[in-house]
Amino acid sequence: MKYTTVLFDLDGTLTRSEEGITRSALYAADKMGFTGFTKEEFMAFIGPPLFESFKKICGMTDEQADQATALYRERFSVVGWAENEVYPGIPALLRSLKKNGVKIAMATAKPLVFAEKIAKRFGFEPYLDALIGPGLDKKHAGKADIVAECIRLLGGEVVMVGDRCYDVEGGAANGVDTIGVTYGYGTEEELIASGATHIAHSVQELADILLGDAPRAKGLFVTMEGVDGCGKTTQREALVAHLTQLGWEVQVTREPGGDEIAEKIRHLVLDPVNTAMFDETEAYLYAASRAQNVRALIRPALEAGKLVVCDRYVDSSIAYQGGGRQMGTARIAQINKEAVGDTIPEITVYLRMTPQDALARRLSASEPDRLEKEKDSFFARTFEAYEALYAQAGMERVITVDASKSIEEVTAQMLKQLDARLEALA
Ligand code: TYD
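1. A short note on the pattern of salt bridges
Here is step 1 of the chain: Following the criterion strictly, the structure yields 26 salt bridges and no others.
Here is step 2 of the chain: As a salt-bridge pair, Asp311 and Lys232 come within 2.4 Å of each other at their nearest N and O atoms. Taken together, the residues span a long stretch of sequence, with Asp311 in strand S11 (residues 307–311) and Lys232 in helix H10 (residues 232–245) at a distance of 79 residues.
Here is step 3 of the chain: For Asp311, a relative accessible area of 7% corresponds to the buried category.
Here is step 4 of the chain: Note that Glu263 and Arg254 form a salt bridge whose closest N and O atoms lie 2.7 Å from each other.
Here is step 5 of the chain: Residue classification places Glu263 among the partly exposed positions, given a relative accessible area of 25%.
Here is step 6 of the chain: What you see here is one network of salt bridges that share partners, running through Glu18, Glu19, Arg23 and Lys39.

2. A few points about the packing of aromatic side chains
Here is step 1 of the chain: Going through the model one piece at a time under the given rule, you end up with 12 aromatic pairs.
Here is step 2 of the chain: Here a set of aromatic residues connected by ring pairs shows up, and it is made of Phe37, Phe42, Phe45 and Phe54.
Here is step 3 of the chain: Taking the ring centre of Phe122 as reference, the NZ or CZ of Arg121 above it sits at 4.6 Å.
Here is step 4 of the chain: Sitting over the ring of Tyr313, Arg290 keeps its end group 5.7 Å from the ring centre.

Rules and cut-offs
Once a new chain begins, its residue numbering starts again from 1 and follows that chain's sequence as written. Selection of residues for local features in this predicted model requires a pLDDT of at least 70, selection of side-chain atom pairs for listing and counting requires 80 or more, and totals for whole chains, interfaces and linings are taken over all residues. The basis for every side-chain value is the complete set of heavy atoms in the structure, and neither hydrogens nor water enter the calculation. Salt bridges are defined by distance alone: a side-chain nitrogen of Lys or Arg within 4 Å of a carboxyl oxygen of Asp or Glu. The helix and strand labels rest on DSSP assignments: H or I over at least four residues marks a helix, E over at least two residues marks a strand, and numbering proceeds from the N terminus. Remark: exposure states derive from per-residue accessible area (1.4 Å probe, protein chains only) relative to the maximum for the residue type, with buried under 20%, exposed over 50%, and partly exposed in between. Each Phe, Tyr or Trp ring, with Trp reduced to its six-membered ring, pairs with another whose centre is within 6.5 Å; inter-plane angles below 30 degrees give stacked pairs, above 60 give edge-to-face pairs, and intermediate values give tilted ones. Counting as a charge over the ring demands two things of the Lys NZ or Arg CZ atom: a distance within 6 Å of the ring centre and an angle within 35 degrees of the ring normal.

Below is the structure:
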């Protein structure tokens, strides 16, 4: 690996930020009486200093541009800053750089107060050795000064990564190599003309330039657990949407099931006609489905740096077969150890719901499968087994969420704890 210090521009390099920027600029222009502009015309606000853009694109005077900048910030500071999404593959890249001991900085022209909020909200903060941006008072955010400050702080063999000519020129002014990324808001011509050392057309190509054949970090494994009726499916969608916004390439799977073979086992084990199935058969079928899923889907996805979300995993067997079926939790844990080896989740979201609350929900839901037809005492034992399992020592991976609250409250609670756990795992 050639570079030991990597400086990242923010907008158009780490995050796709057009929503927040264009909407806030449209809001400001509108309030100033400069109406009739479109989002497309305002895409040019991304990159250069705001003050200059208001003058150039809207034809404002210096004084008007100053006022417009203040109005822009009025909206941006409340909602605009969070109207962002991280480019897919960025968290995996940051993890790999960190794993290889590379120093990472964010070198942005965005006012520091916003850059810091974004770094926290979108999960960059734990990876950054430095975050440099201008103070709010500056109209001209000189990239060269920002890059110089990063070099002073971190040293090493530095490369500046950015999507606009300003980034490349800022790097070149300090005599360091530059990587122009074309997936952001600049053009390839612009980046070449300004003298970029390398061009990357995707995050993947950027990772190849930065990491070469150095070892990459593995992805993350997240599972979801809870008794039938806890609202897992709804919350899974919110979880996946959130992780995708954070730039994770998410692979979703469920158990029993996964690939074609595991789905056949799912059908067999859940089919209501199979009333003569013995408990042991059931326990081994769940473990068999899992053995298949781990090898066919979960491990390859983790190796590729993806984040896997698995709806139910080993803990379901411990709760349902160990507790519900009274087969003993240690015995079920043992069977499953054979099936999954050391593929253990880093995060488990436990949607905690009492059997009474869960029953009320199930009664209003669709056709029950074989497991859902079980008696109430079965679900009470399942719940107790979950509770006992997660009360054990060494369960830092578990995020417990009160699933009896409204959908929005459950989502908010879940994502807050998830972000804290992701930060701890960075
Ligand atoms: P599913 O329709 O996926 O239910 P849910 O949406 O609640 O996850 O059916 C899975 C059923 O299988 C569910 O009742 C729990 C049960 N189950 C076990 O008993 N043991 C296991 O190991 C797993 C994965 C699921």
